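Okay, here's what each chain looks like letter by letter:
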Amino acid sequence: MNKFLSAGPGVFILLAIFALTACGQAPDTYSVTTTKSEYQARFLSIQEEESKLLENSECGKTGGDLLDTIKYAIDKFNTLPLAQDEPSFQVGHPNGADGISVRVCADDQLAAYAYSKTVALHEGLLKTLRAAAEAFARFEHDELDTALDNLAIAAVNRENNLYGLYIVANFPGSPSEISRSEVLFRSAVAFVIYHELGHTIMGHADYAQALGDQSLELSADAFAAETLALTGIDREGIDVVFAILGRISPDELVGHPSSVYRAALLQVE
Ligand SMILES: [Zn+2]
C-alpha cells in the first residue's frame, strides 16, 4: 500500500465505488481467461505490446500543444513526497530514465493503456477530452447535453473534421471561458494519466490473469482521485471524463459502468 491510498477507509470506499475508466490495460487483454497457460500467454502478449509501443515512432510524440498539459500532470506527480520505505516512481515524458514512461500515440484511438513501465495515451482520447472541456466551459444544462451528445457521435465515428468544426464554431469563447476550459482539460488529462499510472505502479500488468477485473479499475480510479487531491489539481475534470466517456459506446471502452451512477456518487462526494 502506498501513500496514494492512505486515506481513511471511508474515503477509499467512496472513491472506489465510482468505477470508471478512461482506459483499459494493454489492448486485447479484456476477455476472461481461465487456464494458467492462457494467463501466461496474455502476460507475454502485454510485454510484446509494450515492446512494440516503445519502437513505434508514432508513440514517442505529443500532439504539440498537448505537451504542456501532459507535462503539467507528470511534473506534479514527480514532486509528490515519498514515504521512507517507498520506491521512487519518477515519471518521464516521453522516456523515463529510471521509471515510467508516458507516451502519446498520434492516432485517433479513444484509449489509454497501462503496461509494465509505460503509459500510452492516444490522441483521439485527448482531443475528445479537450472538446468536452470546451463544451463544459461554454454551455450548461440542455445545451451542454446536446454538445456532448454530438461530440460523442463525432468521436465514435472518428470524424476529425467535426472536432474542428465544433471548436471553430464555439471557441474561442470569452477569456473566462477559455481559461475555464484549460483548467478542466488539464484536470481531465491528469485524472486519466494518474488512473493509468495507478495500473502501472500497482503492478496490474503483472497480474495478467486479473486484467479486466473490475476491482483493478476501482483501484486505479481511487489512485487517480487520491493523486489529484495530493497534487492539488482541480478535480472538476473528473466530471468531464465521466460525462463524455459515458456517452461513448461501451464497445469503445470496455468495462466502464454507468455514468449516471458515477455522477450520482460524485454529487454525494
Ligand atoms: Zn483502467
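Above this text sits the structure in question.
Description of the structure in this document. (Residues numbered from 1 in each chain as written. Predicted model: local features only at pLDDT ≥ 70, side-chain atom pairs only at ≥ 80, totals over all residues.)

## Overview of the packing of helix H4 (residues 123-138) against helix H9 (residues 237-245)
Then, number 1: At a closest axis distance of 9 Å, the pairing of H4 and H9 adopts a crossing angle of 110°. It follows that H4 is roughly perpendicular to H9 by the angle criterion. Across the interface between the two elements, Thr128, Leu129, Ala132, Ala133 and Phe136 of H4 pack against Val240, Val241, Ala243 and Ile244 of H9. (Axes fitted to C-alpha atoms, helices over the stretch in contact; angles between N-to-C directions. Helix = DSSP H or I, 4+ residues; strand = E, 2+ residues; numbered from the N terminus. Parallel < 35°, antiparallel > 145°, perpendicular 65-115°, else oblique. Contact = placed C-beta atoms within 7 Å.)

## Quick word on the pairing of strand S4 (residues 118-122)
Then, number 1: Taking burial as the measure, the five residues of S4 include five buried ones, the bulk of the element.
Then, number 2: Across the two faces of S4 the burial is the same, with Thr118, Ala120 and His122 and Val119 and Leu121 all buried.
Then, number 3: As paired strands, strand S2 (residues 100-105) and S4 are joined by five bridges and run parallel to one another. Paired with Ser101 across the bridge in S4 is Thr118.
Then, number 4: In textbook terms, the turn of a hairpin is the stretch between consecutive antiparallel strands, and for strand S3 (residues 112-114) and S4 this stretch comprises three residues. (Buried ≥ 20, exposed ≤ 12 C-beta atoms within 10 Å, placed from the backbone. Pairing = 2+ DSSP bridges.)

## Structural notes on the pairing of S2
Then, number 1: A large share of S2 lies buried, amounting to six of its six residues.
Then, number 2: Here S2 shows two buried faces, one formed by Ile100, Val102 and Val104 and the other by Ser101, Arg103 and Cys105.

## Quick look at the sheet that holds strand S1 (residues 91-92)
Then, number 1: One open sheet holds the four strands; their spatial order is S1-S2-S4-S3, and the pairing between them is mixed. Among the strands making up the open sheet, the edge pair consists of S1 and S3.
Then, number 2: Of the pairings in the sheet, the one linking S3 to S4 comprises three bridges and is antiparallel in character. In the strand pairing of S4, Ala114 is matched with Val119.
Then, number 3: Along the sheet, H4 makes contact with S2, S3 and S4, crossing S4 at roughly 60°.

## Focus on H9
Then, number 1: With nine of nine residues buried, H9 lies mostly within the body of the structure.
Then, number 2: Inspection of H9 places Gly237, Ile238, Asp239, Val240, Val241, Phe242, Ala243, Ile244 and Leu245 among the buried residues, and these make up the whole buried set.

## Section: helix H7 (residues 175-201)
Then, number 1: Relative to the 39 Å expected for 27 residues at 1.5 Å per residue, H7 spans 38 Å between its end C-alpha atoms, a close match to the ideal helical length.
Then, number 2: Judged by how many residues are buried, H7 sits mostly within the fold: 19 of 27 residues are covered.
Then, number 3: Note on H7: the residue one or two positions beyond its end, Gly203, has a positive phi of about 75°. (Expected span 1.5 Å × (residues − 1).)

## A look at the nonpolar core
Then, number 1: Core analysis: the largest hydrophobic core is formed by 59 residues, its most contacted members being Leu129 and Ala132.
Then, number 2: Per-element tally for this core: the top contributor is H7, with 11 residues.
Then, number 3: Not counting chain neighbours up to four residues away, the residues in contact with Leu129 comprise Phe185, Ala188, Val189, Val240, Val241 and Ile244. (Core = buried A, V, L, I, M, F, W, Y, C linked by C-beta atoms within 7 Å.)

## Notes on the packing of H4 against helix H5 (residues 141-156)
Then, number 1: Between H4 and H5, the least distance of the axes is 9 Å, while the angle of their chain directions is 170°. When the axis of H4 is compared with that of H5, the two are roughly antiparallel. Two packed elements cross with a definite hand, and for H4 against H5 that hand is right-handed. Across the interface between the two elements, Thr128, Ala131, Ala132, Ala135 and Phe136 of H4 pack against Leu144, Ala147, Leu148, Leu151 and Ala155 of H5.
Then, number 2: Each residue belonging to the contact of H4 with H5 can be placed in one class, and the counts come to nine nonpolar, one polar and no charged. (Left-handed = near helix turned anticlockwise from the far one by under 90°. Nonpolar A, V, L, I, M, F, W, Y, C, P; charged D, E, K, R; others polar.)

Coordinates in, geometry out; function isn't part of it.
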